[in-house]
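Below, each chain spelled out in residue letters.
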Amino acid sequence: MRRRAIGQILLLAAGLAVLTVISAGSVYLVNRAREDARWVVRTVENENQISFTQLQLRRAESAQRGFVLTLQPNFQTDFEEAASQIPPALTRLSELTSDNPTQKRVLDQMIPLSHQRIEEFRKTIELARTQRLNDAAQIVREDVGRAAMNHIYDLAGEMRAEEDRLFVLRTTNADRSQTLAASMTGIGSGLVVVLAGISIFLVRRSSRARDQAEALLRDNNINLEATVDERTADLREANDEIQRFAYIVSHDLRSPLVNIMGFTSELEELRGDIFKRIAALARAGTSTPLVPDNATDSAEPVLEGTDKQLSEEFTEALGFIKSSIGKMDRLISAILNLTREGRREFQPVRIDTRELIEGIVATVAHQAAEADAQIRIEPLPNIVSDRLALEQIFSNLIDNALKYLKDGVPGDILIRGRTKLGFAIFDVSDNGRGIDPKDHQRIFDLFRRAGTQDKPGQGIGLAHVRALVRRLGGTMSVASELHTGSTFTITLPINWTFSNRNKAS
Amino acid sequence: MSKPVTIIMIEDDEGHARLIERNIRRSGVNNEILPFTNGTDAVNYLFGSDGTGLNHKGEALLILLDLNLPDMTGIDILRRVKDNKYLKATPVVVLTTTDDSHEIKRCYELGCNVYITKPVNYESFANAIRQLGLFFSVIQVPAAAT
């Protein structure tokens, strides 16, 4: 996935680079083409200028000839006009060719020649005008003029040839620049298209991969939900089975217990009869006079020595059996009650917590007065939960707080509440005898108690409370030190619904 | 209780049966007590070989019923007794270890006349049975299928 992302970024970068290169290249090549075109134009202009100069020279010459022949002033005017054009044309030409040493060299030869020719024409015209026609004809006839003129022609031809050569060269350059620009654009565009194609391919591939991954994820989710449902069902079943098991076991244990207890009591009755008989027999043996047969009398028989000891041992044994049975019965009842609680369906209702706790406090008011204890209730958050479960939780905790106060110290029990992140947190604090930290886990176990065992109880209350809190989707904890009091903290969801926990428990 | 009333005691635990019988006798009830230790035998006796209960026509019966039986539940027997046209007027006393409120409610709904939980404490147990015996000695029992 990461590699693919890097690939796409690289691709985009490559595309950008190609576009940049194409743009820069195009700008450069267009500039070069324009430059080339300007050079081509320059060449044409040069040729023009050369031709123009040559033409003016020709005009000056023909005007000079015409004047020498006819002496008409028109020709002189023509000549002056043509001659006046030549120096600027030459200056212009030298300006234009200043970058080309070859042309410059040729032109350097041509300029004096041209000036010389114009001077010569002017001289002939002057001679002709002053009626010295022969001298003028003489000058014309001299081959010097023609040779100079031919020389100028040659030079001009040379220049034109040079310009032609440059023209071809520059045209080729311009063509090449344009071709280059065109091909560059073409190749670049092609590259961009190719890159775009690769991009599209990659995007499609990755989106296909994503679709597959999504489908897989969806399948997994469905599987996971199915698995969770299955597990939940299994757990629920296992839990139900444990509940049934506990119920049946405790129920079936009770039946033999009734027998044990019953026949023990019967034995006790028999014991009375037996020892009365023994006492009677003993008296008969010692022939005590005037003792009525008291075997059926309700009075305790008078026993002596080993008989008395036997009777006491008998009574002691029966007493242990009966107290053990009583204890066992209480434990079995407790298990039964717990399993019954575990099977009860919870009903979420809106609960005015303060009212509920005030109700509990009212029921324990008598015990509180006896223990010289006050119960304070601070403002409490209201929650949605099971009313009976909540009543049991708080009444167990308040009962415990009242039950395990310190002797001789007025009790102070405080109930506080606050909310945090969808949970209501309740504290039940007392200033009682406290719990040794090593017993903090133990007190939540079924049938386990801690500290001085001077109060009646089976060790069920807190186990029950914790089971209820857990079923309500909450947690509970204790903070306590010996002799300084205890604080039980209960965290419950503010809005408990069936889905939270009940289904699973 | 008039002399001919027969007490049918359906109780799988022989110890319980013995304790119950003893305490009923102690309360001065001398009626015949027929003990059954399983449901099948009791059903066979109650409804006869034809399963109609016709054989008890004209007899006065009182049934002491335990709910936890090895081969069936006492509830089944209760239902059958109360559905039978000859036996439906027979008083049924459920005497069991269960004190589950659902169970108690169900029994009364099915027509049981008295529901007693066997207390583990023997004094309470003996007391309960003796009072039941006293109760037996004063109640009127109709003859089956009148």
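Residues numbered from 1 in each chain as written. Chains lettered and ligands numbered in written order. Predicted model: local features only at pLDDT ≥ 70, side-chain atom pairs only at ≥ 80, totals over all residues. Heavy atoms only, no water.

K.L.:
Can you lay out the overall build of chain B for me, pointing to particular residues and giving the numbers?
P.N.:
When helices and strands are counted, chain B shows five helices and five strands. Along its sequence from the N terminus, chain B presents helices and strands in the succession β-α-β-α-β-α-β-α-β-α. Once local pairs closer than 6 in sequence are excluded, the contacts in chain B between residues at least 24 apart make up 71%. Looking at chain B as shown, the accessible area adds up to about 6,500 Å², and 49% of this sits on carbon and sulfur atoms. (Helix = DSSP H or I, 4+ residues; strand = E, 2+ residues; numbered from the N terminus. Contact = heavy atoms within 4.5 Å. Areas by Shrake-Rupley, 256 points an atom, 1.4 Å probe, with all protein chains shown as cover.)

K.L.:
Could you give an account of the overall build of chain A, with specific residues and numbers?
P.N.:
Broken down by element type, chain A carries 10 helices and seven strands. Expressed as a percentage of its 505 residues, the buried residues of chain A come to 36%. Across chain A, every contact between residues at least 6 apart in sequence was considered, and the portion connecting residues at least 24 apart equals 76%. In the form shown here, chain A has an accessible surface area of approximately 29,500 Å², with 58% of it arising from carbon and sulfur atoms. (Buried < 20%, exposed > 50% of the residue type's maximum accessible area, 1.4 Å probe, protein only.)

K.L.:
A description of a positive patch on the surface should follow, citing residues and the corresponding values.
P.N.:
Residue and element names in this part refer to chain A. A contiguous patch of positive charge, built from R3, R204, R205 and R208, is present on the exposed surface. Of the residues forming the positive patch, the biggest block, three residues, is contributed by helix α5 (residues 143-285). Looking at the secondary structure, you find R208 in helix α5. (Patch = residues over 30% accessible without salt bridge, like charges linked within 9 Å, V, L, I, M, F, W, Y side chains within 5 Å. Salt bridge = Lys/Arg side-chain N within 4 Å of Asp/Glu carboxyl O. Lys, Arg positive; Asp, Glu negative; His and termini not counted. Charge placed at Lys NZ, Arg CZ, Asp CG, Glu CD.)

K.L.:
Give me the packing of helix α2 (residues 39-47) of chain B against helix α3 (residues 74-83) of chain B: which residues, what numbers.
P.N.:
Residue and element names in this part refer to chain B. At their nearest, the axes of α2 and α3 sit 11 Å apart, and the two run at 5° to each other. Between α2 and α3, the interaxial angle falls into the category roughly parallel. Residue-level contacts link G39, V43, L46 and F47 of α2 to I77, R80 and V81 of α3. (Axes fitted to C-alpha atoms, helices over the stretch in contact; angles between N-to-C directions. Parallel < 35°, antiparallel > 145°, perpendicular 65-115°, else oblique.)

K.L.:
Give a detailed account of the packing of aromatic side chains, specifying residues and quantitative values.
P.N.:
Counted by the stated rule, this structure contains nine aromatic pairs over all chains. Where F394(A) meets F426(A), the ring centres are 5.4 Å apart and the plane angle is 90°; that geometry is what we call edge-to-face. Placement of F394(A) in helix α9 (residues 387-403) and of F426(A) in strand β5 (residues 423-429) is noted, with a sequence separation of 32 residues between them. The lysine or arginine in question, R80(B), covers the ring of F47(B), its NZ or CZ lying 4.5 Å from the ring centre. (Phe/Tyr/Trp six-rings, centres within 6.5 Å; stacked < 30°, edge-to-face > 60°. Lys NZ or Arg CZ within 6 Å of the ring centre and 35° of its normal.)

K.L.:
Quick one: what's the story with empty space enclosed by the protein, residue by residue and with numbers?
P.N.:
All names here are of chain A. What the rule picks out here adds up to one cavity of 30 Å³ or more. What the largest cavity holds in volume is close to 40 Å³. At the level of secondary structure, the elements contributing two or more residues to the lining of the largest cavity comprise α1 (2-70) and α5. Taken together, the residues of the lining of the largest cavity break down into three nonpolar, three polar and four charged. (1 Å grid on protein atoms, 1.4 Å probe; cavity = no way out; pocket = protein on both sides within 12 Å on 5 of 7 lines; lining within 4 Å. Points joined across faces, edges and corners; volume = space filled by probe spheres on them. Nonpolar A, V, L, I, M, F, W, Y, C, P; charged D, E, K, R; others polar.)

K.L.:
Residue-level account of the interface of chain B and chain A, with values.
P.N.:
On the chain A side, the residues contacting the 17 residues of chain B number 16 residues. Both faces considered, chain B and chain A share a buried interface measuring about 1,600 Å² in area, 53% of it formed by carbon and sulfur atoms. Among the residues chain B hides against chain A, the three largest losses belong to T97(B), V120(B) and Y122(B). Together they make up 39% of the total. Applying the counting rule to chain B against chain A returns two salt bridges. Across the pair E266(A) and R22(B) runs a salt bridge whose closest N-O atoms are separated by 2.3 Å. At the level of secondary structure, the elements contributing two or more residues to the side of chain B that touches chain A comprise α1 (14-26) and α5 (122-138) of chain B. Top contributing element to the side of chain B that touches chain A by residue count: α1(B), with six residues. Of the residues assigned to the side of chain B that touches chain A, the class counts are five nonpolar, six polar and six charged. (Buried area = accessible area lost by both parts, 1.4 Å probe.)

K.L.:
Quick rundown of the sheet that holds strand β4 (residues 92-96) of chain B? Include the residues and the values.
P.N.:
Residue and element names in this part refer to chain B. In space, the five strands of this open sheet follow the order β2-β1-β3-β4-β5, with parallel pairing throughout. Strand pairing shows two members of the sheet lacking a second neighbour, β2 (33-36) and β5 (114-117), which therefore form its edges. The sheet shows a mean angle of 20° between the axes of neighbouring strands, taken without regard to direction. In terms of strand pairing, strand β1 (residues 6-10) meets β2 through four bridges, oriented parallel. Bridge pairing links M9 to P35 in β2. This element, α3, spans β1, β3 (61-65) and β4 of the sheet and lies at about 160° to β3. (Pairing = 2+ DSSP bridges.)

K.L.:
Go over helix α10 (residues 461-471) of chain A with me, naming the residues and quoting the values.
P.N.:
Residue and element names in this part refer to chain A. The buried count for α10 comes to eight of 11 residues, which makes it a mostly enclosed element. Considered for burial, the residues of α10 that qualify are L462, A463, H464, V465, R466, L468, V469 and R471. Turning to α10, the residues buried within the fold contact α6 (305-343), α9, β6 (475-481) and β7 (485-493).

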